Amino acid sequence: MFKKILIANRGEIALRVIFACRELGIKTVAVFSEPDESSLHVLFADEHICIGPARSADSYLNVPRIISAAEITGADAIHPGYGFLSESAYLAEVCEACHIRFIGPDPSVIRLLGDKAKARRAMKKAGVPMLPGSDGPIESEEKALKTAKEIGYPVIIKAVAGGGGRGMRIVKTPPDLPHAFKTAQREAEAAFGVGDVYIEKYLDSPRHIEFQVLGDHHGNVLHLGERECSIQRRHQKLLEESPSVAVTDKVRRRMGGLVADAARAVQYTNAGTFEFLMDEKGNFFFMEVNTRVQVEHPVTEMVTGIDIVKEQIRIAAGERLSFKQSEVTFTGHALECRINAEDPETFVPSPGVIHAFSLPGGPGIRIDTAAHSECTISPYYDSMIAKVIAHGRDRQESIARMKRTLEMAVIQGIRTTIPLHLKILSDPDFIAGRLSTHFMERYQPKPKAAPLAETA
Ligand code: MV4
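Residues numbered from 1 in each chain as written. Predicted model: local features only at pLDDT ≥ 70, side-chain atom pairs only at ≥ 80, totals over all residues. Heavy atoms only, no water.

Trainee: Help me out: how do you make sense of the site of the ligand in this one?
Mentor: Around the ligand, the structure places 16 residues, and the nearest of them are Lys-158, Glu-200, Lys-201, Leu-203 and Glu-288. Between the ligand and Lys-158 there is a distance of 2.9 Å, counted from a nitrogen atom to a side-chain nitrogen or oxygen. Here the ligand has 520 Å² of accessible area as a free molecule, and 90% of this is covered by the chains. Residues belonging to the shell around the ligand are distributed by class as follows: 7 nonpolar, 5 polar and 4 charged. (Near = heavy atom within 4 Å. Polar contact = N/O pair within 3.5 Å; in protein donor to acceptor, adjacent residues only side chain to side chain. Areas by Shrake-Rupley, 256 points an atom, 1.4 Å probe, with all protein chains shown as cover. Nonpolar A, V, L, I, M, F, W, Y, C, P; charged D, E, K, R; others polar.)

Trainee: Is there a simple way to explain the pattern of salt bridges in this structure?
Mentor: When their charged atoms lie close together, side chains carrying opposite charge are able to pair. According to the stated counting rule, one finds 39 salt bridges in the structure shown. In this structure, Arg-10 and Asp-36 form a salt bridge, with 2.7 Å as the shortest nitrogen-oxygen distance. Taken together, the residues Arg-10 in the loop between β1 (4-7) and α1 (11-24) and Asp-36 in the loop between β2 (27-33) and α2 (40-44) connect sequence positions 26 residues apart. Between Glu-187 and Arg-169 there is a salt bridge, with its nearest N and O atoms 2.7 Å apart. With Glu-187 in helix α8 (residues 177-192) and Arg-169 in strand β7 (residues 169-171), the pair connects residues that are 18 residues apart, well separated along the chain. (Salt bridge = Lys/Arg side-chain N within 4 Å of Asp/Glu carboxyl O. Helix = DSSP H or I, 4+ residues; strand = E, 2+ residues; numbered from the N terminus.)

Trainee: Even after reading the chapter, I still don't get the sheet that holds strand β6 (residues 155-159), so can you show me in this structure?
Mentor: Strands belonging to one sheet form pairs held by backbone hydrogen bonds; the direction of such a pair is parallel or antiparallel. With respect to topology, 3 strands assemble into an open sheet ordered β7-β6-β8, the strand pairing being antiparallel. Each having just a single partner strand, β7 and β8 (197-201) make up the two edges of the open sheet. If you compare each strand with its neighbour and ignore which way they point, the axes differ by 25° on average. Here β6 pairs with β7 via 3 bridges, running antiparallel. Residue pairing in the sheet places Val-155 in a bridge with Val-171 of β7. (Pairing = 2+ DSSP bridges. Axes fitted to C-alpha atoms, helices over the stretch in contact; angles between N-to-C directions.)

Trainee: What should I look at first to understand empty space enclosed by the protein in this one?
Mentor: Enumeration according to the criterion identifies 1 cavity of 30 Å³ or more in this entry. In this structure, the largest cavity occupies an estimated 30 Å³ of space. Forming the boundary of the largest cavity are His-79, Pro-80, Gly-81, Ser-86, Ile-103, Gly-104, Thr-291, Arg-292, Val-293 and Gln-312. Along the lines of polarity and charge, the residues of the lining of the largest cavity split into 3 nonpolar, 6 polar and 1 charged. (1 Å grid on protein atoms, 1.4 Å probe; cavity = no way out; pocket = protein on both sides within 12 Å on 5 of 7 lines; lining within 4 Å. Points joined across faces, edges and corners; volume = space filled by probe spheres on them.)

Trainee: I'm lost on the packing of helix α4 (residues 89-97) against helix α5 (residues 107-114) in this one. Help?
Mentor: Packed helices, taken two at a time, are described by their axes: the angle between them and the distance between them. Taken N-terminus to C-terminus, the directions of α4 and α5 make an angle of 170°; their axes are 8 Å apart at the nearest point. Our classification of the angle between α4 and α5 gives roughly antiparallel. In this structure, α4 contributes Ala-89, Tyr-90, Ala-92, Glu-93 and Glu-96 to the contact, and α5 contributes Pro-107, Ile-110 and Arg-111. Here the contact of α4 with α5 is built from residues that sort into 5 nonpolar, no polar and 3 charged. (Parallel < 35°, antiparallel > 145°, perpendicular 65-115°, else oblique. Contact = heavy atoms within 4.5 Å.)

Read these as geometric descriptors, not functional statements.
What follows is the structure in structure tokens.
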């Protein structure tokens, strides 16, 4: 087992990794940027080291600075958390060269799955259900028109280097395709430095359902069921749950088995998430693989009782998974609300000092946060300040627990999205489990009234 792990991240996920390390008896190293000096991850790590100024490119995204911090402190592994360098095949490679264990899949697997066209091909070969689409990147407008015609409209153009919706264009009719193709390429080039795009059949109001997997270095791969993440806005998830109301035990077993087999086929190790779109008939279609621990991993932890971060560490250290698929059980229902420091109606960030911070616990409640009274929410980073996770015997009980927790939350000094979450939790469609990726459109900010003409 590792003696010392460096956590290449900040905020609640850095703390979450520290919890796992402390429980496993592993020393920790926190890295931090100048404005994060008094953060909880710095306070609770055994050692801490400043890696630069606020700008992420000069600190949390800077590979040489992170590797230097690991070498100076003698860390034998790096946990990247989520975001930042968590899906960087480059960091994983540099770690390998420096004899530091990267807690994640092998760099070649990160690279394969990070290329969405290659991931599509690999998953199709492994027998994962797919929407009709191009077999790789599309080089020309003519080729794009030909492929779209074969697939049938509407189609969607996606960036090979994408994820998170950038470089994506929906095309309803052939005349719209040339412009969409060019702008998608241009946007992808600007965002990722790689302009390659591919084409898929467009599904209109799907659910977003993802499967959690764990794979060790001895060929054991298993799944931890699904999470439904359809409630999102601008590709930022707001609320996640497990199990999905749309997945039966039988479908979970079938899809979970299929996903575990596909992960095995690409020699997937560590924790990973296989994302799918689900249509109204309950058909699944592969979207992409996230090769990191995800923000919403706690909902899976609550229903399975498995500590995913501890498993990541054990797997990276070469240990075998200590349980079989048949020993993974799903109990009750869990929900997660991501609380952001934002205006709940306009979503404008609301950084500042939190003067009072109290989130009540209680049966079935878990709070993952690095925020506290008198802490500063910095404008430089993501606006998520806390995750509230509620577990109950069934969906109704987890909803009731989540509601009463959010009603009793006290966060003063900044605006938060708690009022929005309370609206969602009382929404008849949400309560009935009628979800799709369009769910949040009804909560979009109202367009401003046209300004009145000025009078002299
Ligand atoms: C799609 C789709 C419909 N059809 N692909 C959005 C982010 C990127 N990872 C893929 N995305 C989508 N791909 C096909 N063929 C709809 C989306 C999509 C979406 C997916 C999941 C959650 C929220 C979403 C919001 C808008 C679009």
